Amino acid sequence: MSSSREASSSSRGSSSPSSRSSTHLHKGSACLNCRRRKIKCDGLRPVCGPCLASPGFSDCEYSDRGVTRAQALEEQISVLQSRIQDLEQPGHSDSSITLSDPYNRHRPAEFTSAPGVSQPLPDIVDFPIEYRQRFLQHFVQQSNEIGFFLDISRFVESLSSSSRAQPSAALLSAVYLWGIHLSPISELSGYEPIILQRALQAVAQGLSTRHPQIILHCIQAEVLLANYFFRNGRVLEGKYHTTTAVSLVLSARLHRIRSAEPTSANSLDVGVEATLPPPVDLVEEGERINAFWTVLILNNCWSAADGSPSNISYTGPDARVDLPWPLDISSYHQVNRSSQYRTSRTVQRFLAYDTDDCNSVIALHAKASILYEQASRVGAKFRPGMQQQEAARFFATFSTLERVIQRFLEGLPSPTAMAAQSSTGTTVVIHTLSQMSMIQLHAPFLARNPSSRGRIVAGFRAIVQIIRGFDISRSLFMDPIVGVLWANTAKLLMQEISGGQGAVAGNEPLQLLSVIMSAISAGASHWPLLEAQLTDLNRLYTAAMQASGLQ
């Protein structure tokens, strides 16, 4: 927060007094804080002058961007207060409770109540059919990019078929939330905060509803919500839903599907069947397998990104990952697996340099996320002056992991070949994660070891080549973890430049940094997460240029 304020101050300092004094805001254009305090607002964004000068008002928000964070919290508080009253007074009906509705003015006309009259948030089925069809269409087009692991054809069929159970309210709300978020139709934007609140309510109550696939649907809904919050720069909420999804997949024993090893004697259940009925076919089993790996990818990427503890262990007897590597969901329609097929220690074998023959796109994504998470943790353990035994253990682990990463990089399909069988977004995230694994592993030795520096610079070049190889601006959706990886790459390049290495090889580090910063700037216009990081990166960039004497 302090860095963003410093950057904001710097940008304001470059503005001329005449330009600031001539700014005239239209009525109603002031930020919400200045309105409440009844003071003059200069309308500067992302943080106006009065809010910047007041430490207690860092949440500078404007109502023209839709529902603000404060309004969303007010609605959540209203819902929680209502729930508490229900629990304290179970005999009272909901009709006696009146909730405030901060979203009323954002609703389309057919859902706006009369003045002074509050009404509950509408159900999805209350929306006009043409809107629901649009939501679904936009979602289906991008479903592979946003963590949808269920069979999309069966899901779409279940919406209209009497032979399949309809999707649960939790899943359907999360699907429609993404559908409207991805919609290019501006007239639908007023629905998004309404559907977000419905999705949060439905997911919170999901496990208490009766549905034959409720556990799998709740996992899917949590994944969709996590990715939604990550995309919108609300990382804490994204990690909350990721942690919930991890809890569900582990509680449902999805990591033990097809396990060749018995459950620990201390475990309370005997396998996956203790919490889920047997799958009806290999496609349904595949959905469960892919559910686990999708959650693992989320957990690995976002826990490693900020150094927080992982929620998934690979070594504990009951937490050990035994299920098979995932296949792309369409492959489960053709796969022929015997009921006796078993696997064990899937991740441990991979990290121990064992070979396997699974190279599906989702399996490559899972493996890249495992390597990135492991490299981040191993690299962070290095300390100068370690004791001899500790140093020996560290470098043994380091060497093994380096070999695994190198073999994985060598066997990875080229970006062009991978994009031909998946998508630009998926290709970019898998290749960037893979390169960042080697970079993160060697990062502690950037200034200490020429060999490590060579590995890191090779990773920088590969990431820049990926950026140059695709028109990323045309991708409707890109996994927001890519932005975090780019930002981390930019920071390491700044470290390289400020250390006096920028003049080497024709200013190559500076040239690489320029490409990455341009990609981050382009992405910031539609990735709120990148917009927040860009200010801090600009400040670090200025400091690096000054330290290297290039500015």
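Bear in mind that the values here come from a model prediction, so they are computed numbers and not experimental data.

Before going further, it helps to spend a moment on the overall build of the protein chain. Of regular secondary structure, the protein chain possesses 21 helices and zero strands. Here the protein chain holds 551 residues, and the buried ones make up 52% of them. If you take every contact in the protein chain between residues at least 6 apart in sequence, the share linking residues at least 24 apart comes to 68%. When the accessible area of the protein chain is evaluated, it comes to approximately 26000 Å², of which 52% is carbon and sulfur surface.

Between its first and last C-alpha atoms helix α18 (residues 450–469) spans 28 Å; for 20 residues at 1.5 Å apiece the expected length is 28 Å, and the two agree. Among the residues of α18, S452, I456, V457, G459, F460, A462, I463, V464, I466 and I467 are the ones counted as buried. Of the residues flanking the start of α18, the one acting as N-cap is N449, its side-chain oxygen 2.7 Å from the backbone nitrogen of S451.

For N227, the location among the structural elements is in helix α10 (residues 214–231). Within the structure, N227 has its side chain in polar contact with the backbone oxygen of I146 (distance 3.1 Å). With near-sequence residues (within four places) excluded, N227 lies in contact with I146, G147, W178 and L298.

Under the definition given, this model contains 15 salt bridges. The salt bridge involving E261 is made with R345; its shortest N-O contact spans 2.9 Å. Of this pair, E261 sits in the loop between α11 (235–251) and α12 (282–306) while R345 sits in the loop between α12 and α13 (346–351), and the two are 84 residues apart along the sequence. We note a salt bridge from E508 to R461, for which the minimum N-O separation is 2.5 Å. Of this pair, E508 sits in helix α20 (residues 508–524) while R461 sits in helix α18, and the two are 47 residues apart along the sequence. Since its relative accessible area comes to 42%, R461 is described here as partly exposed.

Under the criterion given, the structure shown has 19 aromatic pairs. Plain terms: the ring middles of F394 and F445 are 6.4 Å apart, the flat faces sit at 55° to each other, and that makes the pair tilted. In this pair, F394 is assigned in helix α15 (residues 388–411) and F445 in the loop between α17 (424–442) and α18, connecting sequence segments 51 residues apart. Like F445, F394 is buried. Where F398 meets F445, the ring centres are 5.7 Å apart and the plane angle is 90°; that geometry is what we call edge-to-face. Placement of the pair is F398 in helix α15 and F445 in the loop between α17 and α18, with a sequence separation of 47 residues. For the pair shown, F398 and F445 are each scored as buried. Across from the ring centre of W325, 4.9 Å away, lies the NZ or CZ of K367, which sits over that ring. Across from the ring centre of Y353, 3.9 Å away, lies the NZ or CZ of R407, which sits over that ring.

This paragraph deals with the nonpolar core. L224, L254, W293, I370 and W486 are the most contacted members of the largest nonpolar core, which has 140 residues in total. Excluding its chain neighbours within four sequence positions, the residues that come into contact with L254 are I219, V249, L276, R288, A291, F292 and L323. Among the nonpolar cores identified, the runner-up in size contains 10 residues, and A30, C34, L52 and Y62 belong to it.

This brings us to unusual backbone geometry. The phi dihedral of R345 falls on the positive side, at around 45°, and the residue is not glycine. On the basis of relative accessible area, R345 is assigned to the partly exposed category, the value being 32%. Backbone geometry places Y353, a non-glycine residue, at a positive phi of 80°. Mapped onto the fold, Y353 is located in the loop between α13 and α14 (361–380).

Right, let's talk about the confidence of the model for the protein chain for a bit. In this model, the protein chain carries a mean pLDDT of 80, and residues with pLDDT of at least 70 account for 76%. Contacts of residues 1–22 to residues separated by more than four positions or lying in other chains number 24 contacts, the stretch itself having pLDDT below 50.

Packing of α10 against α11 brings their axes to within 7 Å, and their N-to-C directions diverge by 160°. Our classification of the angle between α10 and α11 gives roughly antiparallel. The element α10 and its partner α11 pack so that their crossing is left-handed. Residues C218, I219, E222, V223, L225, A226, F229 and F230 of α10 form the contact with α11, whose own contacting residues are V235, E237, G238, K239, H241, T242, T244, A245, L248 and V249. Classifying every residue of the contact of α10 with α11 by side-chain character gives 11 nonpolar, four polar and three charged.

With that out of the way, let us pick up the environment of L537. Positionally, L537 belongs in helix α21 (residues 528–548). Judged by relative accessible area, L537 falls into the buried class, the value being 0%. It is 8.4 Å that separates the C-alpha atoms of L537 and M517, two residues lying 20 residues apart in sequence. Not counting residues within four places of it along the chain, the set of residues in contact with L537 comprises A487, A490, K491, M494, M517 and I520.

Running from N to C, helix α8 (residues 169–182) and α10 cross one another at 30°; their axes reach a closest spacing of 8 Å. Relative to α10, the element α8 is oriented roughly parallel. In the crossing of α8 with α10, the sense of the turn from one axis to the other is left-handed. Side by side, α8 and α10 meet where A170, L171, A174, V175, L177, W178 and H181 of the first sit next to H217, Q220, A221, L224, L225, N227, Y228 and R231 of the second. Residues belonging to the contact of α8 with α10 are distributed by class as follows: 10 nonpolar, four polar and one charged.

Our next topic: the environment of L493. Position of L493 among the secondary structure elements: in helix α19 (residues 481–501). For the pair L493 and Y541, spaced 48 residues apart in the sequence, the C-alpha separation amounts to 9.6 Å. Those residues in contact with L493 that lie beyond four places of it in its chain are F460, P509, L512, L513 and I516.

This paragraph deals with α17. Given a rise of 1.5 Å per residue, 19 residues ought to cover 27 Å, and the 28 Å separating the end C-alpha atoms of α17 matches this to within 8%. Of all 19 residues that make up α17, 18 are buried, and the element is covered over most of its length.

So, on to the side chain of D42. Topologically, D42 is positioned in the loop between α3 (32–37) and α4 (49–52). A distance of 3.1 Å separates the side chain of D42 from the backbone nitrogen of L44, its partner in a polar contact. Polar side-chain contacts of D42 include one of 3.0 Å to the backbone nitrogen of G49.

The rules behind these values
- Residues numbered from 1 in each chain as written.
- Predicted model: local features only at pLDDT ≥ 70, side-chain atom pairs only at ≥ 80, totals over all residues.
- Heavy atoms only, no water.
- Helix = DSSP H or I, 4+ residues; strand = E, 2+ residues; numbered from the N terminus.
- Buried < 20%, exposed > 50% of the residue type's maximum accessible area, 1.4 Å probe, protein only.
- Contact = heavy atoms within 4.5 Å.
- Areas by Shrake-Rupley, 256 points an atom, 1.4 Å probe, with all protein chains shown as cover.
- Expected span 1.5 Å × (residues − 1).
- Polar contact = N/O pair within 3.5 Å; in protein donor to acceptor, adjacent residues only side chain to side chain.
- Salt bridge = Lys/Arg side-chain N within 4 Å of Asp/Glu carboxyl O.
- Phe/Tyr/Trp six-rings, centres within 6.5 Å; stacked < 30°, edge-to-face > 60°.
- Lys NZ or Arg CZ within 6 Å of the ring centre and 35° of its normal.
- Core = buried A, V, L, I, M, F, W, Y, C linked by side-chain atoms within 4.5 Å.
- pLDDT = per-residue confidence, 0-100.
- Axes fitted to C-alpha atoms, helices over the stretch in contact; angles between N-to-C directions.
- Parallel < 35°, antiparallel > 145°, perpendicular 65-115°, else oblique.
- Left-handed = near helix turned anticlockwise from the far one by under 90°.
- Nonpolar A, V, L, I, M, F, W, Y, C, P; charged D, E, K, R; others polar.

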